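Working through the structure, step by step
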Amino acid sequence: MGNSVKIGRLEWIDYTKAFAIIFVIVGHTVSFGSEVRNLIFSFHMPLFYILTGYTIQKCNSLRDVAKVTYKDFRRLYLPVFYSMVVLVILERIAHHIPLSTSIREELQRIVWCAAVSHNGHPALGSLWFLIVLFWAKLFYRTIMRLFSEEHSGIIFLFCILLTYFVSKKVWLPQSLDIVPLAAFYIYVGKFLSRSDVSKARTSPYLILASFVFWIATWMNGIYVEIGTRSFPYLIISIFAAIAGSICVISLCGTLSYLPHNRICEGIKRVVRWIGTNTLLILCVHNLDGFILEHLGIYNPERKMILSVVVRIAVVLFVSWAASILLKHVRFDSVRAIVYNSCDKGSGK
């Protein structure tokens, strides 16, 4: 990538991403409006963007920005198209939906990139995150290349304020109205990477203050839901997500200090595998409703804890099977769904 700075892989990031993707599945399974769901939504998507800030590569020229953006398109955008192709095929087989109808609807989903149905536009589902991440990384790199780091933070906040009022009136295609917020979280992640809050030596006062602020805002119903454009008290909810992310990062960082015995090493291997395959797991999770229904194990009346366990187990098993199959695919852009997370600067 030209003169871009290369960054080594950080083990604790895999641990954090693993727990974050599990939280995504849990948050999409538990009852809407429940305290557990609201707590998870208060940090899980911002956390992924913040982790991107830890690993995002520095570009020393706009040409470098263009090169890495092309790579991001293959790693983040194309998997969305592949997932939609799989969904079209499954819908055709199971429900005999005409291909023209299914393709037209899936293209609408991608164009609008909405987390939920809005103003007559169909929802893309959890894959909205990948498209927004693509644009957020481009926006972040461009701003950081054109302006000083000190001014960049102010510009991100100004753009957040501007697009906040835009989103009150209309949701933009590609969810561009929430891209500045995602880019700001990347900026925060880069800032936090200098203090490295994953380390055990991190100030306990910072962690305690973050925890108190995060829980206090959550208990008062103040938390972000990026996909639905819900930002009560705007700046407060935005920074509450940062506080929650700091707590989760600090907690997951402690896994690196587990004893070096067979059981602990086995646990860390499993967690690392989940963390390095979050993109694939997210793609499978976007299809898991269809999978569970047609496997005959979907039961909305099942107890919530059992539903969560079953859904996580199915998603992880299918992801594991898919990872084995995709490694034998000749097209690099398809195989990247497995190997994407292993890229040291991918961010997700």
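A few points on the structure. Predicted model, so just to flag it, every value in this text is computed and none were measured. (Residues numbered from 1 in each chain as written. Predicted model: local features only at pLDDT ≥ 70, side-chain atom pairs only at ≥ 80, totals over all residues. Heavy atoms only, no water.)

**Concerning the overall build of the protein**
This is how it is decided: Working definition: helices are DSSP H or I runs of at least four residues, strands are E runs of at least two. Numbering for both runs from the N terminus. Exposed residues in this analysis have more than 50% of their type's maximum accessible area, buried residues have under 20%, and partly exposed residues fall in between, with area computed by a 1.4 Å probe over protein chains only. It only takes one pair of heavy atoms within 4.5 Å for two residues to be counted as in contact.
A tally of helices and strands in the protein yields 14 helices and 0 strands. Tracing the protein from N to C terminus, the helices and strands come up as α-α-α-α-α-α-α-α-α-α-α-α-α-α. The buried share of the protein, taken over its 348 residues, is 53%. In the protein, the share of contacts with a sequence separation of at least 24, taken over all contacts with a separation of at least 6, comes to 76%.

**Let's talk about the environment of Phe23**
Among the secondary structure elements, Phe23 is positioned in helix H1 (residues 11-27). By relative accessible area, Phe23 is classed as partly exposed at 29%. Taking the C-alpha atoms as reference points, Phe23 and Ile40, separated by 17 residues in sequence, lie 6.4 Å from one another. Other than its neighbours up to four places away in sequence, Phe23 contacts Ile40, Phe43 and His44.

**A look at the nonpolar core**
What counts here: Think of a nonpolar core as a cluster: buried Ala, Val, Leu, Ile, Met, Phe, Trp, Tyr and Cys residues, connected wherever their side-chain atoms sit within 4.5 Å.
Residues Tyr49, Leu124, Trp128, Phe129, Leu130, Tyr185 and Ile226 are the most contacted members of the largest nonpolar core, which totals 89 residues. Those residues in contact with Leu130 that lie beyond four places of it in its chain are Leu76, Val80, Leu279, Leu282 and Cys283.

**Structural notes on helix H7 (residues 149-169)**
Each turn of an α-helix holds 3.6 residues, which means side chains three or four residues apart point in the same direction. In plain terms, the rule: To estimate how far a helix should reach, multiply one less than its number of residues by 1.5 Å. Arc definition: it is the arc formed by the directions from the helix axis to the C-beta atoms.
The first and last C-alpha atoms of H7 sit 31 Å apart over 21 residues, in line with the 30 Å expected at 1.5 Å per residue. Burial in H7 covers these residues: Ser152, Gly153, Phe156, Cys159, Ile160, Thr163, Tyr164 and Ser167. With its buried residues spanning 150 degrees around the axis, H7 presents them on a single face. Residues of H7 that are exposed and point over 90 degrees away from its buried face: Glu150, Ile154, Phe158, Phe165, Lys168 and Lys169. At its buried positions, H7 is contacted by helix H6 (128-146), helix H8 (179-195) and helix H10 (235-253).

**A short note on the layout of surface pockets**
The criterion, for reference: Buried and open spaces are told apart on a 1 Å grid over the protein atoms alone, a cavity being a set of points where a 1.4 Å probe fits but cannot get out and a pocket being an open set with protein on both sides within 12 Å along at least five of seven lines. Residues with an atom within 4 Å of a point are the lining residues. Grid points are joined across faces, edges and corners, and a volume is the space filled by probe spheres set on the points. In the scheme used here, Gly and all other residues not listed as nonpolar or charged are polar, with Ala, Val, Leu, Ile, Met, Phe, Trp, Tyr, Cys and Pro taken as nonpolar and Asp, Glu, Lys and Arg as charged.
Computed from the structure, the largest pocket encloses a volume of approximately 800 Å³. Together, 37 residues line the largest pocket, and His28, Ala115, Gly125, Ser126 and His285 are the ones closest to its centre. Breaking the lining of the largest pocket down by element, the ones donating at least two residues are H1, helix H2 (35-41), helix H3 (44-55), helix H4 (62-95), helix H5 (99-112) and helix H12 (278-294). Of the residues forming the lining of the largest pocket, the biggest block, 7 residues, is contributed by H12. Residue composition of the lining of the largest pocket, by class: 18 nonpolar, 12 polar and 7 charged.

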